[in-house]
Amino acid sequence: MLTQKSIKLSDYVEYPYLIPYIYLDFDIGTDYVVVQSSMIIKPKLKESSNLILQGNQIKLLSISINGKELQSGDYLISDKELIIYNPPMSEFELQIRSQIDPYGNTSLEGLYLSEGMLTTQCEAEGFRSICYYPDRPDVLSKYTVRVEADRTSYPILLSNGNKKYSGNLGNNNCRHEIIWEDPFPKPCYLFALVAGKLTSVEDKYITNIGRSIDIKIYVESGDEKYTKHAIDSLKKAMRWDEDNYGLEYDLDEYKIVAVRHFNMGAMENKGLNIFNSKLVLADSKTATDDELERIESVIAHEYFHNWTGNRITCRDWFQLSLKEGLTVFRDQSFTSDLHSSGLKRIEDVSFLRNFQFIEDKGPTAHAVKPKEYVAIDNFYTTTIYEKGAELIRMLELLLGKEKFFRGINLYINTFDGSAATTEDFLYSLIKGAYLKEKNCPFDITKFQNWYYKSGTPKVYINQSWDSKNSVLNVSFEQKIDSNKKNENIEMIIPILYSCYSKRKEVKPIAEDNLFVLDKKKKNLKINTLPGEKEAPVLSIFRRFSSPVAWESDLSIDDYLFLFLNDNDYFSRWDSGQFLMREIIKNRLCNKANYLLEEKFISAIKQSIKSLKINDPFFLAILLAIPGLAELESLFEKVDPISIYKESLSFQILIGNEILQELREIAQDLLININQEWPMGRGERKLLGTAWSYLSLAGDRKVQKNCVDSISHFSMTVARSALAALKPLDSSETEEASNLFYNLWKENPVVLDSWFAYEASRPNRQGIDVIEQLFSHPKFDRMAPNAIRAVLGGFSKNIELFHSLDGQGYLYMADKLIEVDKINPITASRMVKVFSKWKTYVAKNKEGMYQSILKINKANISSNTREVVELILK
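Residues numbered from 1 in each chain as written. Predicted model: local features only at pLDDT ≥ 70, side-chain atom pairs only at ≥ 80, totals over all residues. Heavy atoms only, no water.

### Topic: the overall build of the protein
Applied cut-off: By definition, any uninterrupted DSSP run of H or I lasting at least four residues is a helix, any uninterrupted run of E lasting at least two residues is a strand, and each is numbered from the N terminus. Buried means the residue's accessible area, taken with a 1.4 Å probe over protein chains only, is under 20% of the maximum for its type, while exposed means over 50%, and partly exposed covers the values in between. Only heavy atoms matter for contacts: two residues are in contact if any of them lie within 4.5 Å across the pair. With residues, only the protein chains shown are counted as cover, and all accessible areas are computed by Shrake-Rupley using a 1.4 Å probe. Only four residue types enter the charge count: Lys and Arg as positive, Asp and Glu as negative, with His and the chain ends excluded. A single reference atom marks each charge: NZ on Lys, CZ on Arg, CG on Asp, CD on Glu.
When helices and strands are tallied, the protein shows 27 helices and 31 strands. Looking at the protein residue by residue over its 873 residues, the buried ones come to 59%. In the protein, 71% of the contacts between residues at least 6 apart in sequence involve partners at least 24 apart. Of the roughly 35,100 Å² of accessible surface on the protein, a fraction of 48% belongs to carbon and sulfur atoms. If you average the places of the 109 positive and of the 118 negative side-chain charges in the protein, the two averages end up 4 Å apart.

Right, dumping it as structure tokens:
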């Protein structure tokens, strides 16, 4: 049982007051900031109710209602709350003057100092560290904000909305002020303030109806040259949202600030997005192709929140996926439309399987709509985001795009300017699509199980062939794969399927048909071509139509057939992944299937011939080995080092078998590899894949080419070279790493990737190397990116982290205890590295267990305590 008090969905009570308007005044001094708030408050209830406001580490200076100062007996103040007794029963004005210390705030929540710049992070509960207010998402107010500061120290003063006034203060103009006004009501978690020495890069966006929007990206001096990609990405997102959803930006200007010390990737504060600098400052020289695409996606994600998150927010934090799942779906669709929908789908599924599916199996598993939590910061997870997006994707598939968009329009028109629930969204979608709920072709209650139940459903598929009537009969059975007691529930599982004739001319018999599994067991009858003598090959869950695992009676030859012939990107890739998992698993169990290996190598060679020119990106993905998390999930007792070594051995096997083909690819691709992104990204992806195989296979020429490429090609090629050399622990690896460091040691954003590389690559010095990274003069202990780089890289250093003496685990525990003292959010997320401890073989299991106990006995934050107790539970 959790020892900390949890917050439960069932306890939700509507806030008894409306606060339609708030005026905030910030007087920024050298040692502290004075905050004055003036709120218009309207009681909702007829009977008297105490006014409860949250506050954390705030010094109260004065408090008054309608201009009359309150006496000590009129209110109660504690570490976490300000309770005002018997406030007026009619509309009144509450004025509070208080003082806060952002300069000593290391949590990166509320208002804090980052390299001389004051900035904010209020989601989820940071606003209570700024001023007394009902810090919950269902209280929406219109904000006017005045900021005053020293002009020299803080020449730029920013907040949400549109600028209404700015001017100098005092006789010598040493201080200045600015007033910002946001005309749209918002919850306090979307409040933002930035003050510092920044320069801006400006552009304009013209909407479809001709409105001009000012775009301003604020960065530190010298970083202006790295903003073009972010601006281009934003303008693409604004156009896409207008063209696809009919949603136009609603303010006069759109501001983005790049911040080095930031816990999140980015924050969608209304009109003033605050971004982790890694997700803004980039070009092809400083970022890889994958990073440029991610920046494009995250820029779009935060922009899309303007409607799905800001204009319509969530009623309470249990509804978090309402805004995040929907907006992830939107940013995934955006990227698919801009680039390749098939390749994007594979990328998203691979991430889901290696992270969210693992989360679903572990002790921190939770529903998309959880029932309770201790610290909401711990629920910004792959389940809320990525699995939440998959639920929206299933709804789009079940409804069809036209009806889906009708439902989205009704949802937006109905709940604009308010706080909604997942049920509000779902029923709006159905009503907009079908006018009446009863016309919906699937059971809405069963679909809601996706929101309410944790775990990954598993579908079992069996086929029987009726040769007399040329009919393929397929039976489906669903079960919930949960870490809890099996529950007798049924889900709505949409299954896209095709099947292929085995005749000489390969062609689909039934293509992209939709079958809905809405019962425990259900059968499908597929009529094939008349006279079909042999059972066709079934292609199921095309485009990964549902976030489930499945087990079928397809034969190895069926998977080989699909790997070579399926016209669905995902299904073809998935067949190859299945075959690779089978080969590696067989080898680990001392049951190597040499015939299967031979057939698979032959299939790879055929794929290289057909794809290396026409679709190099897809070929690179087909050649990628399944992730270690996926491989570990194949075993009841996991030996992480053995799995890692066997994965490398299998790559060496493939590399040796297709050596000549890979050498030709590497040689041909190097000729014209530096095309500007997104052009050439497929070629660069394939080059990196070929280098990895060849380097592992011992090709000395390629290893030398990798070293030479560090300073002569794009960041994508340079990082691909480092990745190819990483497993070797060779002189070339050392030389390449040193070259990379010397090139980028003055760029902290890029240098994070070097810290991660050094922490993750094999070395003979063991944990001493990791400790040296923490004491490195370029390591920034206050930057979450730097901490994640070293500790995240260390956790991927398989033989070091999982060493049988348990020292890797203990070292990680010590470091997380240290991190927790200054940044509980980062520590609580990283402690999940221990969440699979029960699945490991005895020695690793015991070592992890002792390390978790060590963390649990330490004086840790409530954030980290919640996760640790779940892991131990």
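### Some details on the pairing of strand E19 (residues 253-259)
As a reminder of what qualifies: Strand pairing is defined by DSSP finding a minimum of two bridges between the two strands. For a crossover, the right-handed case is the one in which the path from the first strand over the helix to the second runs clockwise, viewed with the strands pointing away from the viewer.
Counted residue by residue, E19 has seven buried out of seven residues, so it is predominantly covered. Because side chains alternate across E19, one face comprises the buried residues Glu-253, Lys-255, Val-257 and Val-259, and the other comprises Tyr-254, Ile-256 and Ala-258, equally buried. Relative to E19, strand E18 (residues 212-219) is paired through five bridges, and the arrangement is parallel. Following the sheet pairing, Asp-214 is matched in E19 by Glu-253. Remark: the E18/helix H1 (residues 228-245)/E19 crossover connection has left-handed handedness. Relative to strand E21 (residues 272-276), E19 runs parallel, the two being bridged by five bridges. Its bridge partner being in E21, Val-257 is matched across the sheet by Ile-274.

### Side note on unusual backbone geometry
With an omega of 5°, the peptide bond running from Glu-123 to Ala-124 counts as cis. Residue Trp-677 is joined to Pro-678 through a cis peptide bond whose omega torsion reads 5°. On the secondary structure map, Pro-678 appears in the loop between helix H15 (659-669) and helix H16 (681-696). Here Leu-108, not a glycine, exhibits a phi torsion of approximately 60°, which is positive. You can see Leu-108 is positioned in the loop between strand E9 (92-100) and strand E10 (110-114). Of the residues examined, Leu-108 reaches a relative accessible area of 2% and is grouped as buried. Of note in this structure, Ser-470 is not a glycine but carries a positive phi near 55°.

### Digging into the nonpolar core
Heads up, the rule is: Among buried residues, the Ala, Val, Leu, Ile, Met, Phe, Trp, Tyr and Cys ones that are joined through side-chain atoms within 4.5 Å form a nonpolar core.
By size, the foremost hydrophobic cluster in this structure holds 272 residues, and its most contacted members are Leu-94 and Phe-447. When residues of this core are assigned to their parent elements, the largest contribution, nine residues, is made by helix H5 (residues 382-399). With sequence-adjacent residues up to four places away left out, Phe-447 is seen in contact with Leu-391, Met-394, Leu-395, Leu-398, Leu-426, Phe-442 and Ile-492.

### Brief notes about the sheet that holds E21
Sheet strands pair via backbone hydrogen bonds, and the direction of the pair is either parallel or antiparallel. Here is the rule we go by: What counts as an axis is a line fitted to C-alpha atoms, over the stretch in contact for a helix, and the angles between N-to-C directions run from 0 to 180 degrees.
Pairing in this open sheet of five strands is mixed, and the strands run E17-E18-E19-E21-E20 from one edge to the other. In this open sheet, the two strands that pair with only one neighbour each are strand E17 (199-206) and strand E20 (266-267). Strands E17, E18 and E19 of the sheet are contacted by H1, whose axis makes an angle of about 25° with E17.

### What about the environment of Gly-325?
Within the secondary structure, Gly-325 sits in helix H3 (residues 320-338). Exposure remark for Gly-325: the relative accessible area of 0% places this residue in the buried category. Separated by 62 residues in the primary sequence, Gly-325 and Lys-387 have C-alpha atoms spaced 7.2 Å apart. Setting aside chain neighbours within four positions, we find Gly-325 in contact with Ile-384, Tyr-385, Gly-388, Ala-389 and Ile-392.

### Focus on the sheet that holds E9
Taken in spatial order, the eight strands make up an open sheet running E6-E5-E9-E3-E2-E12-E15-E14, and their pairing is mixed. If you trace the sheet from one side to the other, it starts and ends with strand E6 (68-69) and strand E14 (162-169), each paired once. For strand E5 (residues 59-65) and E6, the ladder comprises two bridges, and the chain directions are antiparallel. Looking at E6, one finds that Ile-65 is bridged to Lys-68.

### Thoughts on the packing of aromatic side chains
Here is the rule we go by: Each pair of aromatic rings taken from Phe, Tyr and Trp, with Trp reduced to its six-membered ring, is defined by centres within 6.5 Å and is described as stacked if the planes are under 30 degrees apart, edge-to-face if over 60, and tilted in the remaining cases.
Applying the stated rule across the entire model yields 46 aromatic pairs. Residues Phe-304 and Phe-334 carry aromatic rings whose centres are separated by 5.7 Å and whose planes lie at 80° to one another, so their mutual orientation is edge-to-face. One end of the pair, Phe-304, is in helix H2 (residues 289-304); the other, Phe-334, is in helix H3, and 30 residues separate them in sequence. Across this residue pair, the class does not change: Phe-304 and Phe-334 are buried. Residues Tyr-380 and Tyr-385 carry aromatic rings whose centres are separated by 6.4 Å and whose planes lie at 50° to one another, so their mutual orientation is tilted.

### Overview of H5
Quick note on the threshold: Working rule for helices: expected span equals 1.5 Å times residues minus one.
Taking 1.5 Å per residue as the helical rise, H5 with its 18 residues ought to reach 26 Å, and the 25 Å between its terminal C-alpha atoms agrees with that figure. Of all 18 residues in H5, 17 are buried; the element is thus mostly enclosed. Looking one or two residues past H5, Gly-400 carries a phi angle of roughly 85°, positive in sign.

### Observations regarding the pattern of salt bridges
Test applied: Put simply, a salt bridge is a Lys or Arg side-chain nitrogen that is within 4 Å of an Asp or Glu carboxyl oxygen.
Taken as a whole and assessed by the stated rule, the structure comprises 64 salt bridges. One salt bridge in this structure joins Lys-236 and Glu-296, with 3.3 Å as the shortest N-O distance. Of this pair, Lys-236 sits in helix H1 while Glu-296 sits in helix H2, placing them 60 residues apart in sequence. Overall, Lys-236 belongs to the partly exposed group, its relative accessible area being 35%. Between Glu-734 and Arg-761 there is a salt bridge, with its nearest N and O atoms 2.8 Å apart. Placement of Glu-734 in helix H19 (residues 731-744) and of Arg-761 in the loop between helix H20 (748-760) and helix H21 (767-774) is noted, with a sequence separation of 27 residues between them. Of the residues examined, Glu-734 reaches a relative accessible area of 36% and is grouped as partly exposed. One salt-bridge network, in which partners are shared between bridges, spans Asp-25, Asp-27, Arg-146, Glu-148, Arg-175 and Glu-177.

### Some thoughts on the packing of H5 against helix H6 (residues 401-415)
Let me state the cut-off plainly: Each angle gets one of four labels, with under 35 degrees taken as roughly parallel, over 145 as roughly antiparallel, 65 to 115 as roughly perpendicular, and the rest as oblique. Left-handed describes a crossing in which the near helix is turned anticlockwise from the far one by less than a right angle; the clockwise case is right-handed. Think of it as three bins: nonpolar holds Ala, Val, Leu, Ile, Met, Phe, Trp, Tyr, Cys and Pro, charged holds Asp, Glu, Lys and Arg, and polar takes everything else, Gly as well.
Two numbers describe how H5 lies on H6: the axes approach to 6 Å, and their chain directions differ by 120°. As summarised for this structure, H5 and H6 are arranged oblique, according to the angle between their axes. Where H5 crosses over H6, the two elements pack in a sense that is right-handed. Two secondary-structure elements touch here, H5 through Ile-392, Leu-395, Glu-396 and Leu-399 and H6 through Lys-401, Lys-403 and Phe-404. Class assignment for the residues of the contact of H5 with H6 results in four nonpolar, no polar and three charged.

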